[in-house]
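The primary structure of each chain is shown beneath.
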Amino acid sequence: MADNFVKVAKVTEIPAGEVRVYNVDGARLALCNVGGQIFAIDDTCTHDDGPLGSGFLDGHAIECPRHGAQFDVRTGRVLKMPAAFPVRSYTVQIKDGDVLVDLGDETT
Ligand code: FES
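Calculation criteria
- Residues numbered from 1 in each chain as written.
- Predicted model: local features only at pLDDT ≥ 70, side-chain atom pairs only at ≥ 80, totals over all residues.
- Heavy atoms only, no water.
- Pairing = 2+ DSSP bridges.
- Helix = DSSP H or I, 4+ residues; strand = E, 2+ residues; numbered from the N terminus.
- Axes fitted to C-alpha atoms, helices over the stretch in contact; angles between N-to-C directions.

Undergrad: Please provide a residue-by-residue account of the pairing of strand 2 (residues 19–24), values included.
TA: In this structure, strand 2 lies alongside strand 3 (residues 27–34), joined through six bridges in antiparallel fashion. The partner of Asn23 across the bridge, within strand 3, is Arg28. As consecutive antiparallel partners, strand 2 and strand 3 are separated by two residues, and within that stretch Asp25 has a phi angle of approximately 50 degrees, a positive value.

Structure, rendered in structure tokens:
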């Protein structure tokens, strides 16, 4: 699929170890800063639509605040039930201090 990078945020808006949620082109994205590297996943938990961006980030794992499912923010892979399906993850580029997300790409 062709690249479709869209500017979503400034890197400085997302402190290390934290998550920020953005609405862009109809998608609701959770941008996660893990040790200075930004990862993008869907904000919506695949278990029961919980707000992942309001969850707890521990290293590369994000925990849904509703029932505790965990996902790897690098790939969207499920790390802990009750979620059974991965969350969508996106390719990220940093350019001139901006976070660009490829909405046409799906890494999972
Ligand atoms: S909605 Fe996320 S664990 Fe249930």
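Undergrad: Provide a residue-level description of unusual backbone geometry, including the pertinent values.
TA: Cis geometry is found at the peptide bond from Met81 to Pro82, where omega equals 20 degrees. Within the secondary structure, Pro82 sits in the loop between strand 8 (78–80) and strand 9 (89–90). Located in the positive-phi region is Asp49, a residue other than glycine, with phi close to 65 degrees. Looking at the secondary structure, you find Asp49 in the loop between strand 4 (37–42) and strand 5 (56–58).

Undergrad: Describe the sheet that holds strand 7 (residues 70–72), naming the residues involved and giving the relevant values.
TA: The sheet built from four strands is open, its strands ordered 5-6-7-8 with antiparallel pairing. Of all strands in the sheet, those with a lone pairing partner are strand 5 and strand 8, marking the two edges. Strand-to-strand, the axes of this sheet are offset by a mean angle of 30 degrees, without reference to chain direction. In this structure, strand 5 lies alongside strand 6 (residues 61–63), joined through three bridges in antiparallel fashion. From the neighbouring strand, Leu57 faces strand 6, where its bridge partner is Ile62.

Take it as geometry only, folks, not as evidence of what the structure does.
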